[in-house]
Structures are given as structure tokens and as C-alpha cells.
Amino acid sequence: MTTEIKTFRRTRAEIHLGNLKHNLFELKKFLKPNTFLCPMVKANAYGHGDIEIAKALDQLNSKNLFSTLGVGLVEEGLLLRQLGIKSPILVLGSFDRSGFSEMLRWKLTAVVSQIRHLEILESFPDQTLGFHLKFDTGMHRLGFRPDDLPLIIKRWAKNWKLQGLMTHLYQAEDLMDPNGHSFQQMQIFKKIFSSEFFRQNSGASAIPVHSLNSAGFFNYYVLPNEFKNEFGYNFLGEESQEQGVRPGLALYGYSPVAQSHLSLKPVMSLKTAFVQWHRIKKGEVVSYGGTWKAERNSLIGVLPMGYADGYHRLLSNRSKVLFAGQLLPVIGNVCMDYLMVDLTDVENKISENEIAETEVVLFGCDEKQNLLSVEKLAQWSQTITWEILTSVGERVPRIFLHDS
């Protein structure tokens, strides 16, 4: 029995499902109808709530808008399937025999990336096994080495059905640079997917080949580039296939490259409201360690949001919040449950009732569509956008809005 717990603070993450759909259609504009497309919903859908995000995408896939959903763990895939997600689900992470058995039971597709995985497949000789093969072309994390190909061919079983080939780029920003790391990775990958063995095992239609994360997608399909203009999308050779896309960050409204040329909309807005405000005198300090000292008589507001909710302590005395259309500084050390804001610059422009009633945006958009971007918080805390999004804690309720 599941118990729904009420929340009594105004801290929340608003998830705009309309923006999610908008972003998916923006990505689709640059892809051929049958190009492999795998929206990533791993890590709780990048902090947005994997169940509701997957449900929204699942409804869209009645029109075959994408190939499969992508998760990082067997457990993530099982949860989605058990809660009614019907779209194909690709498990990109590793697995043991019991995990593979559960994937078969719940019709999840495995990514096979090491010799031990082949041994697990061999222990299921009486079932048709469909899976993707992953090759390590330079990331040096997961995947077969290119010189493992002869061993794979030698061990290939009749009940195995190859459904895709993949690799992962570790610096996709330089994909279209012939001297770049990713370009060299793609040359290695081309030799693999162009091999006679995979041509023979592709069946009536070509095996999906996928290598592009969000940055790779922008560089390969979207951004103007002199090298691309000269060689076109077939820079891997006239015989090369379309490169499939596994978008994560772009799906949720953010571009990993400076000029995206897409109209992406942030899906999450993190909001709260002041629970207390008080005046302090010049020279008094705020929060643990007294790291912020008032240089004037000041009005200080307290927000019910802290590092236990995913608002990093590294943002102490560095970040800002969006309040009444204005950016105001976070002051003092961020606490486990609270953070403080200097309201002095707006105290003569807003009443105490307005302070209590007006929402505060920690990132995302306010009601007037003013934006405080996740990129800004990442910059202030010297981390990456992905980490800010995925850090939003489980005790922050996700409010799913079906806006147009």
C-alpha cells in the first residue's frame, strides 16, 4: 500500500510536460523519420521524475516518434515496465545473469559490452536474444575493444539477434573537427559498423547505429560547419548510415554547446517561498561560520531549501535567486534545510505581504517567463548542468504541469 504524504512547504519542482514535448519535436526536425532516437530517462529522468516523464513520452510514441527509451540501470527499466510503460526500453548499463533474466522477463533490451555478457547470453540457448553491442572507441569506460570483434564473431550464436551498434563520445563538441578526438572515435566506429559481419547480420533493414549524445547531435545535425558543409553528413563515407541520437540534456531544455540553433525550453523550474525575513545591523553575520557580514543595515530572507534538497553548499555566497523579476544574492553558507537571501535592494519596492506571497525561483522560469538558467547555477558552483538537475532531492515534490 502506497501512502501519499502531504507537503507543507512551498518548495517544489515544476515539471512542464508541454516543454518536454516541444523539445522532442525540436530534435525531430533535424532527423529523418527512421533515424534511431533514444530519449534518455535514466537517473530519475535527469532529476525530473522518470515515471511521469516516461509516461508522457510513452503517449507520444503511439505515433512512433522515437525508437526506445534509455535507462542506465536494470532496476530503472524494471520500474518503468512494471508501472505500465509500453515503449521499448534500452538498458545501457551492465548486468549479471539474474539481471539479464529479469530483462528477458520484462522485455527490456540489453546493451552487451563485455565478454562476461557474452557468457551470460550463452547460458540462455533456448531463447531468441535481441540486444545492442557497445564498442569502446576511446571513452575507456564500457564497451568491447575494437580488436575484440574476431572473438565476438567466433562466439556468435544462432539465437542471437543484433538490434543495434553503439559507442559513446567523450568530447562530442569537436565531432566535426577532422583533428578532434570525436572525429577519430567515429573513424574507429565506422570500421566496426562497416565490417562484413555486421552487414550480414543486419537483416532486411540496416542495424541502427548510434553514437550521438546531445552535444554530438548539435554538432552532427544542427550546427553550421565549414567541414560539414564540404563533406555533408556522409563525412564518414558515402556508405555510412545515419547516426542515431541518445538525447539527454537537450530533451530537458538545455544545450551543451554555446550556439544550439534550437528553440529549447527548460522542463524544470525549482521554486519556493520565504518562510521568514528579518533585519540585521551593519557588521552582523549570517549562517554557519559567519562567512557573510552585512556591509549595511540589511533585510534578510530565509528560504526552506538547502543542500539536503540538492541546492549545493558550493553555491554559498556565490549564487542568486530570481525574486520579483530581480536577481538577489544568496548569502552565508547554505544549510541542510535553509538558505538565506539579501532582500535589502527590494525592501522599499515590495510589501511584507508580497514577500510572503511572491514565489522565488531557484532556477527555471517565473510566471513572467524571466529565466534563471541551470547553466548559471552550474557556473556559480563550478560544476556541470547535468549535476545541478540530477541533484534535486527526493523530498522536493515534482509537480507535473500539462501545459500546451
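The sections below set out a description of the structure shown in this document.

### Structural notes on the environment of Gly 253
Structurally, the position occupied by Gly 253 is in the loop between strand E8 (244-245) and strand E9 (268-272). Residue Gly 253 is classed as buried on the basis of its relative accessible area of 8%. Each C-alpha atom, one on Gly 253 and one on Leu 264, is 4.9 Å from the other, the two residues being 11 residues apart in sequence. For Gly 253, the contacting residues outside a window of four places in its chain are Asn 23, Leu 264, Lys 265 and Pro 266.

### Examining the pattern of salt bridges
Evaluation of the coordinates by the stated rule reveals 16 salt bridges. Between Asp 309 and Arg 9 there is a salt bridge whose closest N-O contact spans 2.6 Å. With Asp 309 in the loop between strand E13 (298-303) and strand E14 (320-323) and Arg 9 in the segment before strand E1 (12-16), the pair connects residues that are 300 residues apart, well separated along the chain. On the basis of relative accessible area, Asp 309 is assigned to the buried category, the value being 0%. On the accessibility criterion, Arg 9 (25% relative accessible area) is partly exposed. One salt-bridge network, in which partners are shared between bridges, spans Arg 9, Asp 309, Asp 337 and Arg 395.

### Considerations on the packing of aromatic side chains
What the rule picks out here adds up to 16 aromatic pairs. Ring geometry for Trp 156 and Trp 160: centres 5.4 Å apart, planes at 80 degrees, overall edge-to-face.

### A short note on the layout of surface pockets
Roughly 560 Å³ of volume is contained in the second largest pocket. Residue lining of the second largest pocket: 27 residues in total, with Lys 42, Tyr 46, Arg 141, His 168 and Asn 213 positioned closest to the centre. At the level of elements, helix H2 (42-46) and helix H10 (214-222) are the ones that each hand at least two residues to the lining of the second largest pocket. Taken together, the residues that form the lining of the second largest pocket break down as 15 nonpolar, 7 polar and 5 charged.

### Quick notes on empty space enclosed by the protein
Leftover empty space is mapped by rolling, across the atoms, a probe with the size of a water molecule. The tally for this structure, following the rule as stated, stands at 2 cavities of 30 Å³ or more. Each pocket or cavity is described by its volume, and for the largest cavity that value is around 50 Å³. Tallied by class, the residues present in the lining of the largest cavity amount to 8 nonpolar, 1 polar and 1 charged. Volume-wise, the second largest cavity comes out at about 30 Å³. Taken together, Lys 134, Phe 135, Asp 136, Thr 137, Met 139, Arg 141, Leu 142, Thr 167 and His 168 make up the full set of residues lining the second largest cavity.

### A word on the packing of helix H1 (residues 17-28) against helix H3 (residues 50-60)
Remark: H1 packs on H3, axes separated minimally by 11 Å, with the N-to-C direction vectors making an angle of 50 degrees. Taken as axis vectors, H1 and H3 run oblique relative to one another. Remark: the crossing between H1 and H3 carries right-handed chirality. Contact residues: H1 offers Leu 17, Leu 20, Lys 21, Leu 24 and Phe 25, while H3 offers Ile 53, Ala 56, Leu 57 and Leu 60.

### Let's talk about H3
Listing the buried residues of H3 in full gives Asp 50, Ile 53, Ala 54, Ala 56, Leu 57, Asp 58 and Leu 60. Where H3 is buried, its residues touch E1, H1, H2, strand E2 (69-71) and helix H4 (74-82).

### Details of the side chain of Lys 271
Position of Lys 271 relative to the elements: it lies in strand E9. A polar side-chain atom of Lys 271 sits 3.4 Å from the main-chain carbonyl oxygen of Cys 365. When residues no more than four places from it in sequence are discounted, the contact partners of Lys 271 are Arg 10, Thr 11, Arg 12, Glu 14, Glu 359, Val 360, Val 361, Cys 365 and Asp 366.

### Considerations on the sheet that holds strand E4 (residues 109-112)
One open sheet accounts for 7 strands, arranged E2-E3-E4-E5-E6-E7-E8; its pairing is parallel. Looking at the sheet topology across the chains shown, the edges are occupied by E2 and E8. Note that strand E5 (residues 129-134) and strand E6 (residues 160-166) share 6 bridges and pair parallel. Across the sheet, the residue bridging to Lys 134 is Met 166, located in E6.

### Topic: the pairing of E6
Buried residues dominate E6, accounting for 5 of its 7 residues. The handedness of the E5 to E6 crossover, carried by helix H7 (residues 149-155), is right-handed. Of the pairings in the sheet, the one linking E6 to strand E7 (residues 209-212) comprises 2 bridges and is parallel in character. Each residue of the ladder has a partner; that of Met 166, found in E7, is His 210.

### Considering H1
With 12 residues, H1 extends 17 Å from end C-alpha to end C-alpha; this agrees with the ideal 16 Å at 1.5 Å per step. Within H1, 9 of the 12 residues are buried, which leaves the element mostly enclosed by the surrounding structure. Within the span of H1, buried status applies to Leu 17, Gly 18, Asn 19, Leu 20, Asn 23, Leu 24, Glu 26, Leu 27 and Lys 28.

### Points about the nonpolar core
Among the nonpolar cores identified, the biggest contains 117 residues, and Leu 57, Leu 133 and Tyr 311 are the most heavily contacted of them. Ranked by residues supplied to this core, first place goes to H10 with 6 residues. Those residues in contact with Leu 57 that sit more than four places away from it in its chain are Leu 20, Leu 24, Pro 39, Val 41, Phe 66, Leu 69 and Leu 251. Judged by nonpolar contacts, the second largest core, of 9 residues, contains Trp 292, Ala 294, Val 302 and Met 340.

Criteria and thresholds
Residues numbered from 1 in each chain as written. Predicted model: local features only at pLDDT ≥ 70, side-chain atom pairs only at ≥ 80, totals over all residues. Heavy atoms only, no water. Helix = DSSP H or I, 4+ residues; strand = E, 2+ residues; numbered from the N terminus. Buried < 20%, exposed > 50% of the residue type's maximum accessible area, 1.4 Å probe, protein only. Contact = heavy atoms within 4.5 Å. Salt bridge = Lys/Arg side-chain N within 4 Å of Asp/Glu carboxyl O. Phe/Tyr/Trp six-rings, centres within 6.5 Å; stacked < 30°, edge-to-face > 60°. 1 Å grid on protein atoms, 1.4 Å probe; cavity = no way out; pocket = protein on both sides within 12 Å on 5 of 7 lines; lining within 4 Å. Points joined across faces, edges and corners; volume = space filled by probe spheres on them. Nonpolar A, V, L, I, M, F, W, Y, C, P; charged D, E, K, R; others polar. Axes fitted to C-alpha atoms, helices over the stretch in contact; angles between N-to-C directions. Parallel < 35°, antiparallel > 145°, perpendicular 65-115°, else oblique. Left-handed = near helix turned anticlockwise from the far one by under 90°. Polar contact = N/O pair within 3.5 Å; in protein donor to acceptor, adjacent residues only side chain to side chain. Pairing = 2+ DSSP bridges. Right-handed = clockwise from strand over helix to strand, strands pointing away. Expected span 1.5 Å × (residues − 1). Core = buried A, V, L, I, M, F, W, Y, C linked by side-chain atoms within 4.5 Å.

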